[in-house]
Amino acid sequence: MVVEPEIPPGGQESGRPGRLKVFLGAAPGVGKTYRMLDEARRRADRGTDVVVAYVECHKRPHTLAKLADLEMLPRVQRAYRGGEFEEMDLDAVLERRPRVALVDEFAHSNVPGGRNAKRWQDIEELLAAGIDVVTAVNIQHLESLKDVVEKITRVPQQENVPDEVVRRAHEIELVDMPAPALRRRMAHGNIYAPEKVDAALANYFRVGNLTALRELALLWVADSVDDALQRYRFEHGIDRVWETRERVVVALTGGPEGETLIRRAARIADRSVGGDLLAVHIARSDGLAGGASPAALARQRTLVENLGGSYHSVVGDSVPTALLEFARAENATQLVLGTSSRGRLERFVTGRGIGETIVALSGDIDVHMVTHERAGRGRLLPSRRRTLSTRRLIAGPVAGLILPVALTFLLDGTRGTLNLTSEALLFLLAVVAVACVGGVVSAVVASATASLLLNYWFIPPVGQFTLTSLNSVLATVVFAVVAGTVAAVVDRSLRLSRRSARATAEAETLSSLAGSIVRGDRALSALLERTRETFGMDAAELCDEPVPDDGSVVQVPVGERAHLVLRGRPLPSSERKVLTAFAAHVTVAVERAQLAEAAAEIEPVRAADRMRTALLAAVSHDLRTPLAAGWAAIASLRSRDVDFSDEDRDELLATADESMARLGRLIDNLLDMSRLQAGALNLSLRATALEEVLPMALDSLPPESPTTDIRCLDTVPAVLADPPLLERVVANLLSNAARHTPRGETVLLTASSLDDRVEVRVIDRGPGLPAEDRERAFVPFQRLGDTDNTTGVGLGLALARGLTEAMSGTLTPEDTPGGGLTMVLSLPAAGMGN
């Protein structure tokens, strides 16, 4: 909890923005409003100026009792489409300027007429004015979880608040309650009215739903806390690992041992709840990772993602340094490495390897060295050194001094055994060996030392230096030329090896980046994060204009107007070339996003064209049938050649009337569907009782339709709907159910309320509909299962769903227990929706 500064009641800190506290719950009824009011009373008892700007108690007595002795600001009444709604009076709160304001239902959509469309925007104004706000929200109202919650509960969420708005809160407090306890509260009538309890327990408040929502809330809060912790560590320069959560980093070289390491790391991560698995490949420029297989890395990336982890690629000249920097930046607690694949001779010559270096420098990160089948068996490809290591730079000149001296003592002890030519060749071999080890400088030292020793000890006159003879001059020149040539060849091969390795590293990095683009991995945001991560920068962003360069900013143009900006450290020219390639990929991603937006705008036009084409194809027959029947009946009545009886005349009139009625319904459906497709449907939403529209919907059914059994309409509240459109929806659903109900059976219509929704069920006992055909039933001009081609163009269900969604509702099919199909119409209850 955050300790508040001492401020006089009603006072404000000069220029300080208000602080936001959010009570987050997994579901309605967990006690968010109760805890919010409890917080308000606690602050008021300390002398803080607290007012209730808007609190919704839902007639719960224990919550209402908490309002006692708290100052409540009056609400504003707003008329909207025939109804009266209460909203928070934002201007009154700003004028009152309390120290703390209580504003319930963070994600609420305001009734049109105020300054802001959403309540969270009202709260932003209060915070900007320096007023602290305490509010509450359920996890299902967070924008990022909207689709997830709908899949779990099958209830669409019409009111949402952006996650970033909630994450900016100064405090987020989770109000938690186990699923069985929440269901007990529901059963005791502490959440909803008694008539709603059974429907709620059987639908939204099922144990599985509540448990899943609770897990979402816990994980979201945990991630939010983790983000705050990372910001704190960055702002305070803390690079030590804080073991708040197990994060396991596995280092991949692109070798065949990678899958073994990944599975081992995944098992380590799974041992702790909420453990994270991160795989990282260091693309080096010095050739030590030159044997990495792009195909193997691609397979290993897929394996990591299938195990729930994330894959990262980082460029670094030093594998140990880059790997440990990445691990510390991610606050990793454990690091998994494969044991060295170098043989004993290579380890003896090159000294301490990557694994040993990482263990020595790891500090508080646990390092796991995992054995594998390639351990100790050497590299699959020869190792190619970038340049001379520090050890070789020191050992080369020393060897250039010591090796010729040692060879001199050896040859002096065997004087007379070899001739001058053989002795000179041995000195030449020593010079070549030193040149291979230490490069140009060592070769010069060795050639000078060898030539002097050869001249003094072995070229007559022995025991003195002389360059007067052609033999001594030639030996010295040969030594210098051979040493220089060998050193130059070694140096050139090392440079070429470095360039090749650098190109390989760049190709691997760009290949991984291109793969991310092809897979569509979160598009632009993923590319920016990959760019930041690859170059080890603090931040990466797209800016419309160039930013001032303070020495830690690197920027390259992206497209015609944007710039890719990296902040953190200067980049050498070699890395800037790779950054330019990254910028090209970012340009492609931006253009693809723009093309996707353009395609999304064109798709409705294409859909409308397809609709018009199908419409013209359908009406040719379905309009002609009722017209032909009506014309035939009227023509017969007008004929003077036949003397019709009164009974025949009534039958012809009935036929004409029925044909015209069918034609009228068909034209109405076609016009409504056209308006829906064109987005020109005018809505007049108001509180509408189901009893208001049901009689007219029943009257529209043909006389031969089966009986409709109506139940439970008087137990549900009014819905927010357009009455004529709701009548059309119900009529089409009843007509569809009647058409498929066997003779002698009845159509059942029931209603129930759940949370802030009202559900109407139209149930038939017909043949039902296979699961794979249910969505096709809502496509215009479909008559699934119909053999009668005279019943219309198949617009009934398509129109019903279109009109329902226009009124912020949903229409979904379900199986009827015992056989048949149930159409579930869900609409917001009046006063509960937007």
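Our subject is the structure that appears above.
Residues numbered from 1 in each chain as written. Predicted model: local features only at pLDDT ≥ 70, side-chain atom pairs only at ≥ 80, totals over all residues. Heavy atoms only, no water.

S.K.: Requested: an account of the pattern of salt bridges, with residues and values cited.
M.R.: Counted according to the given criterion, the structure contains 24 salt bridges. Linking Arg42 and Glu39 is a salt bridge whose minimum nitrogen-to-oxygen distance equals 2.7 Å. Of this pair, Arg42 and Glu39 both sit in helix H1 (residues 32–45), separated by three residues, roughly a single helical turn. Of the charged contacts, one joins Glu759 and Arg761 as a salt bridge, the two residues approaching to 2.8 Å between their closest N and O atoms. Grouping residues by exposure puts Glu759 and Arg761 together as buried. In the salt-bridge network here, residues are joined through shared partners; they are Lys21, Arg35, Glu39, Arg42, Arg43, Glu171 and Glu173. (Salt bridge = Lys/Arg side-chain N within 4 Å of Asp/Glu carboxyl O. Helix = DSSP H or I, 4+ residues; strand = E, 2+ residues; numbered from the N terminus. Buried < 20%, exposed > 50% of the residue type's maximum accessible area, 1.4 Å probe, protein only.)

S.K.: Describe the packing of helix H22 (residues 690–699) against helix H23 (residues 723–740), naming the residues involved and giving the relevant values.
M.R.: The contact between H22 and H23 brings their axes to 8 Å, and the two run at 50°. Taken together, the axes of H22 and H23 are oblique relative to one another. Handedness of the crossing formed by H22 with H23: right-handed. For the pair formed by H22 and H23, the contact residues are Leu690, Glu692, Val693, Leu694, Met696, Ala697 and Leu698 on the first element and Pro723, Leu726, Glu727, Val730, Ala731 and Leu734 on the second. (Axes fitted to C-alpha atoms, helices over the stretch in contact; angles between N-to-C directions. Parallel < 35°, antiparallel > 145°, perpendicular 65-115°, else oblique. Left-handed = near helix turned anticlockwise from the far one by under 90°. Contact = heavy atoms within 4.5 Å.)

S.K.: So what's going on with the sheet that holds strand S12 (residues 334–338)? Residues and values would help.
M.R.: Within a sheet, each strand pairs with its neighbour through backbone hydrogen bonds, oriented either parallel or antiparallel. With respect to topology, five strands assemble into an open sheet ordered S11-S10-S9-S12-S13, the strand pairing being parallel. Each edge of the open sheet carries a strand with a single partner, namely strand S11 (310–315) and strand S13 (366–370). Each strand axis lies, on average, 25° off the axis of its neighbour in the sheet, ignoring direction. Two elements, strand S10 (residues 276–283) and S11, share six bridges in a ladder whose sense is parallel. Paired with His281 across the bridge in S11 is Ser313. On the sheet, helix H10 (residues 258–270) packs against strand S9 (247–252), S10, S12 and S13 and is oriented at approximately 175° with respect to S9. Its contacts with the sheet put helix H14 (residues 354–361) on S12 and S13, and the angle it makes with S13 is roughly 160°. (Pairing = 2+ DSSP bridges.)

S.K.: Any chance you could break down the pairing of strand S2 (residues 50–54) for me, citing the residues and the numbers?
M.R.: The buried fraction of S2 amounts to five of the five residues, a majority that puts the element mostly inside the structure. Bridging between S2 and strand S6 (residues 100–103) involves four bridges; their strand directions are parallel. The residue of S6 that forms the bridge with Tyr54 is Val103. With two bridges joining them, S2 and strand S3 (residues 71–72) adopt parallel strand pairing. Opposite Val52, over in S3, you have Met72 as the bridge partner.

S.K.: With reference to specific residues and values, describe helix H12 (residues 319–329).
M.R.: Burial in H12 covers these residues: Val319, Pro320, Ala322, Leu323, Leu324, Phe326 and Ala327. Phi for Asn331, located one or two positions after H12, is positive at around 55°.

S.K.: I'd love a proper account of unusual backbone geometry, names of residues and values included.
M.R.: Of note in this structure, Asp69 is not a glycine but carries a positive phi near 70°. Here Asp69 lies in the loop between helix H2 (61–65) and S3. One non-glycine residue, Glu105, lies in positive phi territory at about 55°. Position of Glu105 among the secondary structure elements: in the loop between S6 and helix H4 (119–128). Overall, Glu105 belongs to the partly exposed group, its relative accessible area being 27%.

S.K.: Could you give an account of the nonpolar core, naming the residues involved and the relevant values?
M.R.: Counting 67 residues, the largest nonpolar core has Leu102, Phe106, Ile139, Val161 and Phe205 as the members making the most contacts within it. When residues in this core are grouped by element, the largest group, six residues, is from helix H9 (residues 207–235). Look past the residues within four positions of Leu102 in its chain and what remains in contact with it is Met36, Leu37, Ala40, Val50, Val51, Val52, Ala53, Tyr54, Val55 and Val134. (Core = buried A, V, L, I, M, F, W, Y, C linked by side-chain atoms within 4.5 Å.)

S.K.: Can you break down the side chain of Thr708 residue by residue, with the values?
M.R.: Mapped onto the elements, Thr708 comes out in strand S18 (residues 708–711). Assessed through its relative accessible area of 19%, Thr708 is described here as buried. In this view, Thr708 contacts Leu698, Leu701, Leu734, Val747 and Leu749; residues no more than four positions away in its chain are not counted.

S.K.: Describe the packing of helix H7 (residues 179–187) against helix H8 (residues 194–202), listing the residues and the values that go with them.
M.R.: As a packed pair, H7 and H8 sit with axes 9 Å apart at the nearest point and diverge in direction by 155°. Compared by their axis directions, H7 and H8 come out roughly antiparallel. Along the contact surface, H7 presents Arg183, Met186 and Ala187, while H8 presents Val197, Ala200 and Leu201. Of the residues that constitute the contact of H7 with H8, the class distribution is five nonpolar, no polar and one charged. (Nonpolar A, V, L, I, M, F, W, Y, C, P; charged D, E, K, R; others polar.)

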